[in-house]
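Per-entry structural report
The lines below spell out each chain.
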Amino acid sequence: EAKSRGRNNVQVFRPAMLAATTERARTAAELRTALQNAELELVYQPIIALATGEAIGVEALVRWNHPTRGVVMPGAFIPIAEEMGLIVDLGRSVLEQAIAQMRAWMDEAPQLPAFTVHVNLSATELRRPGLDRDIRTCLDAHGVDPSRLVLEITETVLMTRGSEEARVLRRLRRLGIQLQIDDFGTGYSSISYLRDLPAQTVKVDQSLISTIDSDAAQAQFVEAVLHLITSAGLSAVVEGVETARQAELLRRMDCAYAQGYFFSRPVAPDRVLGLLAGFPAARG
Ligand code: C2E
Ligand code: MG
Ligand code: MG
Ligand code: MG
């Protein structure tokens, strides 16, 4: 392999490549242990209905509480979990934790209006046989209604009509689970899938949002994207809202839901009920 790339390339690239490979292998091995030792934890970020300012749900985001490296963010281990065949176990653990947590919140605050928990699902998980049955079993075991669960599926998973993934999504939908397309606007898929899929909401990627408060053309573009989503009969969520001005612009564009540091950073599970009760937040 090295020879075929020529001597110069070998000298320049090989040490770095080797280090990266070793690092990935080490991370994968540690991740296996982490799954057994329950080192993966979830934090939760609220999703806000812009018309009322109320929190309607929370997104579960995984964190790896590494014994020596501290908190590791998902960008540093989800791709490795995918590649090393660990994503199915990881996803199972995340779903189980999120559903058990929803049960705990419902018991602790039965008076709070019903809210949803969003769980990110990778492409590999969606292809796993028995996914819908496992989710159903888990919801039943905890006595959580399927309507309380939203599965976030990235646009890159989306897929042709009649594919196995599309069938799984329809089965999940029939169970009463809600489906949301994540990171909309970053993939290369045809927009026609918007009308084909059994999703209810589409989450517009934060990369489209970051400049709307300074760039009028970008704001217009985002407004058109929001119209496209509602024209397909879906509701729009915008992620990565960081400023009051962005939130106000999106509210005026009739964007239904928003999420981002402006409303709240992701928080530990024991802080969620207090946080939700605080919306609509008084803001000057
Ligand atoms: P995502 O699902 O698109 O999640 C949104 C990411 O943006 C999260 O990063 C969140 O913390 C971050 N974020 C939220 N508000 C803001 C904001 O106002 N500004 C900025 N700059 N960022 C914001 P995080 O937690 O690092 O997760 C990154 C990605 O990792 C997620 O993107 C998702 O694709 C993946 N991921 C996270 N948890 C899971 C999981 O349990 N399972 C799977 N399969 N993937 C996960
Ligand atoms: Mg997401
Ligand atoms: Mg996203
Ligand atoms: Mg994203």
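Residues numbered from 1 in each chain as written. Chains lettered and ligands numbered in written order. Predicted model: local features only at pLDDT ≥ 70, side-chain atom pairs only at ≥ 80, totals over all residues. Heavy atoms only, no water.

As annotated in an unreviewed UniProt entry, the protein carries the name EAL domain-containing protein and is attributed to Sinomonas halotolerans.

Some details on the packing of helix α5 (residues 131-142) against helix α6 (residues 164-174)
Geometrically, a packed helix pair is captured by the angle between its two axes and the distance between the axes. Using the following cut-off: Every axis in this analysis is a line fitted to C-alpha atoms, fitted for helices over the stretch in contact. Angles between the N-to-C directions lie between 0 and 180 degrees. Helix and strand labels come from DSSP, where a helix needs a run of H or I of at least four residues and a strand needs a run of E of at least two; each type is numbered from the N terminus. Oblique is the label for any angle not covered by the other classes, which are roughly parallel (under 35 degrees), roughly antiparallel (over 145) and roughly perpendicular (65 to 115). Left-handed describes a crossing whose near helix is turned anticlockwise from the far helix through less than a right angle; right-handed describes the clockwise counterpart. Here, two residues are considered to be in contact whenever any of their heavy atoms come within 4.5 Å of each other. Amino acids are sorted into nonpolar (Ala, Val, Leu, Ile, Met, Phe, Trp, Tyr, Cys and Pro), charged (Asp, Glu, Lys and Arg) and polar (every other residue, Gly among them).
Contact geometry of α5 with α6 gives a least axis separation of 9 Å together with a crossing angle of 20°. Compared by their axis directions, α5 and α6 come out roughly parallel. Read as a crossing pair, α5 and α6 show a hand that is right-handed. Counting all contacts with α5, which are made through Leu131, Asp132 and Ile135, the residues of α6 involved are Val168, Arg171 and Leu172. By residue class, the composition of the contact of α5 with α6 is four nonpolar, no polar and two charged.

Some words on the coordination of the magnesium ion (ligand 4)
In a perfect tetrahedron of four donors around a metal, the angles come out at 109.5 degrees. In a perfect octahedron of six, they are 90 or 180 degrees. How we decide: Metal donors: N, O and S atoms at distances within 2.8 Å, or within 3.2 Å for Na, K and Ca, with water omitted from the atom set so that some sites may seem incomplete. Note on exposure labels: buried denotes an accessible area under 20% of the residue type's maximum, exposed denotes more than 50%, and partly exposed covers the range between, all computed with a 1.4 Å probe on protein chains only.
Bound to the magnesium ion (ligand 4) on the protein side are Asp183 (OD) and Glu239 (OE), at distances that span 2.5 to 2.8 Å. The magnesium ion (ligand 3) is placed at 3.0 Å from the magnesium ion (ligand 4), the two being bridged by Asp183. Residue Asp183 is located in strand β6 (residues 178-184), and its partner Glu239 is located in the loop between β8 (235-238) and α9 (244-252); the two are separated by 56 residues in the primary sequence. We classify Glu239 as buried; its relative accessible area is 11%.

Structural notes on unusual backbone geometry
Geometrically, the link from Phe279 to Pro280 is a cis peptide bond, its omega value of -5° lying close to zero. Inspection of the secondary structure assignment puts Pro280 in the segment after α10 (272-277). You will see that Ala38, though not glycine, has its phi angle at about 55°, which is positive. As for its placement among the helices and strands, Ala38 is situated in the loop between α1 (7-36) and β1 (40-49).

Thoughts on the layout of surface pockets
Here the idea is plain: a probe the size of a water molecule rolls over the atoms and shows the empty space left. Quick reminder of the rule: With a 1 Å grid spanning the protein atoms alone, the term cavity applies to any set of points in which a 1.4 Å probe fits but cannot get out, the term pocket to an open set with protein on both sides within 12 Å along at least five of seven lines, and the term lining residue to any residue with an atom within 4 Å of a point. Grid points are joined across faces, edges and corners, and a volume is the space filled by probe spheres set on the points.
Within this model, the largest pocket holds a volume of roughly 1,000 Å³. For the largest pocket, the lining is made up of 41 residues, of which Glu59, Leu61, Pro74, Asn120 and Asp182 are closest to its centre. When contributions to the lining of the largest pocket are tallied by element, the ones reaching two or more residues are β1, β2 (54-66), α2 (78-83), α3 (87-108), β4 (116-121), α4 (123-126), β5 (149-154) and β6. With five residues, the top contributor of residues to the lining of the largest pocket is β2. Split by residue class, the lining of the largest pocket holds 17 nonpolar, 13 polar and eleven charged.

Considering the coordination of the magnesium ion (ligand 2)
For the magnesium ion (ligand 2), the full set of protein donor atoms is Glu59 (OE), Asn120 (OD1), Glu152 (OE) and Asp182 (OD), and the range of their distances to it is 2.0 to 2.2 Å. Mapping the donors of the magnesium ion (ligand 2) onto the primary sequence gives the spacing E-x60-N-x31-E-x29-D. The distance between the magnesium ion (ligand 2) and the magnesium ion (ligand 3) is 3.9 Å, with Asp182 acting as a donor to both metals. Of this pair, Glu59 sits in strand β2 while Asp182 sits in strand β6, placing them 123 residues apart in sequence. When its relative accessible area of 5% is taken as the criterion, Glu59 is described as buried. Owing to a relative accessible area of 5%, Asp182 belongs among the buried residues under this scheme.

As for the packing of aromatic side chains
Our working definition: For Phe, Tyr and Trp, rings pair up if their centres lie within 6.5 Å, where Trp contributes its six-membered ring, and each pair is then called stacked (planes under 30 degrees apart), edge-to-face (over 60) or tilted (otherwise). Sitting over a ring, as applied to charges here, requires NZ of Lys or CZ of Arg to be within 6 Å of the ring centre and within 35 degrees of the ring normal.
Taken as a whole and judged by the stated rule, the model has four aromatic pairs. Both rings, one in Tyr44 and one in Trp105, keep their centres 4.8 Å apart while their planes meet at 75°; by these two values the pair is edge-to-face. With a gap of 61 residues between them, Tyr44 in strand β1 and Trp105 in helix α3 connect regions that are remote in the sequence. For the pair shown, Tyr44 and Trp105 are each scored as buried. In textbook terms, an aromatic cluster arises when at least three aromatic residues are bridged by ring pairs, as seen for Tyr44, Trp105 and Phe115. Between Arg148 and the ring centre of Phe115, over which it is positioned, the NZ or CZ distance is 5.8 Å.

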